Amino acid sequence: MSDENGTPDGPAEPRNAAGVSSGGPAGPAGDPVGAGPRPEPLRFFGTTWLNHDGGPRGYVVRRGAVALGSLVAVVGSCLVLRFAYQGLAIADLGGFVAVLVVVMFAVCSALAFRHTWDGFAKRPDPDRQASLRGLLAVGFVGSLLAYFFRSLTEAPGERLHREEYEAARLQHERRTKRRTGNPSKKRRRR
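Here the structure is a predicted model, which is why all the values come from computation and not from measurement.

Asks: Got a minute to help me understand the overall build of the protein chain in this structure?
Replies: On a plain count of helices and strands, the protein chain comes out with seven helices and zero strands. Along the chain direction, N to C, the helices and strands of the protein chain fall in the order α-α-α-α-α-α-α. A burial count over the protein chain gives 26% of its 190 residues as buried. Across the protein chain, contacts joining residues at least 24 apart in sequence account for 66% of those joining residues at least 6 apart. When the accessible area of the protein chain is evaluated, it comes to approximately 13000 Å², of which 60% is carbon and sulfur surface.

Structure below.
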């Protein structure tokens, strides 16, 4: 585990002739990533969010794929919910039940959207997350919409991870600064 942000240490990354990891960013003085805190990978993005790495499987392509994928999932989910609503209409359970189901999905989706959106800016409380698991499952459309809208501007959770990574890097730099000279040769005051 990385001391700074609790990410698991993965297998050693391939290094180029200069000894710098080719799969990730270098530290402030060109040190390999292993010399300091490691960025926490994001779902679907890995660590491409750190430097917005390009290439055929880079950051921009992944962001577009995530936005498109979440939008397709929202459309598919809405179709499934429509079929469920039509099943209620065929069952002829009454207008109250139909309105209750629509309101339930709308409220749960709005709450799930807000909870997911807030989770991109700060770490959610694990106990609260566990207690809201059912509500988030019912409001899955809201979570998918939050993921879609956030992926239009950045990788979902990128800002939070970037702030944590920068803070860990600064803390690591402060801890590893060395004094110049030999302290045993220091002149003593009388």
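Asks: Please explain helix H6 (residues 140-153) as it appears in this structure.
Replies: Helical geometry: 3.6 residues make up each α-helical turn, so side chains three or four residues apart lie on a common side. Here H6 contains 14 residues, and its C-alpha end-to-end distance of 21 Å stays within 8% of the 20 Å for a straight helix at 1.5 Å per residue. Listing the buried residues of H6 in full gives Val 141, Gly 142, Ser 143, Ala 146, Tyr 147, Phe 148, Arg 150 and Ser 151. For H6, the elements touching its buried residues are helix H2 (59-91), helix H3 (95-119), helix H5 (133-138) and helix H7 (158-176).

Asks: So what exactly am I meant to see when it comes to the nonpolar core here?
Replies: One recurring pattern in soluble globular proteins: nonpolar side chains tend to sit buried together. The biggest cluster of nonpolar side chains holds eleven residues, and these are Leu 42, Phe 45, Trp 49, Leu 50, Tyr 59, Val 66, Phe 120, Ala 146, Tyr 147, Ala 155 and Tyr 165. Residue assignment for this core shows that the elements contributing at least two residues are helix H1 (48-51), H2 and H6.

Asks: Help me understand the environment of Phe 140 in this model?
Replies: Structurally, Phe 140 can be placed in helix H6. The partly exposed category is assigned to Phe 140, whose relative accessible area is 29%. Distance from Phe 140 to Phe 105, taken between C-alpha atoms, is 9.0 Å for residues 35 residues apart in sequence. Setting aside residues up to four positions removed in sequence, Phe 140 forms contacts with Ser 77, Leu 81 and Phe 105.

Asks: Would you take a moment to explain unusual backbone geometry for this structure?
Replies: Among all residues except glycine, the phi angle is most often negative; among peptide bonds, the trans geometry is most common. For Phe 44, which is not glycine, the phi dihedral falls at a positive 75°. Within the secondary structure layout, Phe 44 lies in the segment before H1.

Asks: Whenever I open this one, the pattern of salt bridges confuses me. Can you help?
Replies: A side chain with one charge may pair with a side chain of the opposite charge, provided their charged atoms come close. Scanning all chains against the criterion turns up seven salt bridges. Between Glu 40 and Arg 123 there is a salt bridge whose closest N-O contact spans 2.8 Å. Linking Glu 40 in the segment before H1 with Arg 123 in the loop between H3 and helix H4 (126-131), this pair joins segments that are 83 residues apart in sequence. For Arg 123, a relative accessible area of 44% gives the class partly exposed. Linked through salt bridges whose partners overlap, the residues forming this network are Glu 40, Arg 123 and Glu 164.

Conventions used here
- Residues numbered from 1 in each chain as written.
- Predicted model: local features only at pLDDT ≥ 70, side-chain atom pairs only at ≥ 80, totals over all residues.
- Heavy atoms only, no water.
- Helix = DSSP H or I, 4+ residues; strand = E, 2+ residues; numbered from the N terminus.
- Buried < 20%, exposed > 50% of the residue type's maximum accessible area, 1.4 Å probe, protein only.
- Contact = heavy atoms within 4.5 Å.
- Areas by Shrake-Rupley, 256 points an atom, 1.4 Å probe, with all protein chains shown as cover.
- Expected span 1.5 Å × (residues − 1).
- Core = buried A, V, L, I, M, F, W, Y, C linked by side-chain atoms within 4.5 Å.
- Salt bridge = Lys/Arg side-chain N within 4 Å of Asp/Glu carboxyl O.

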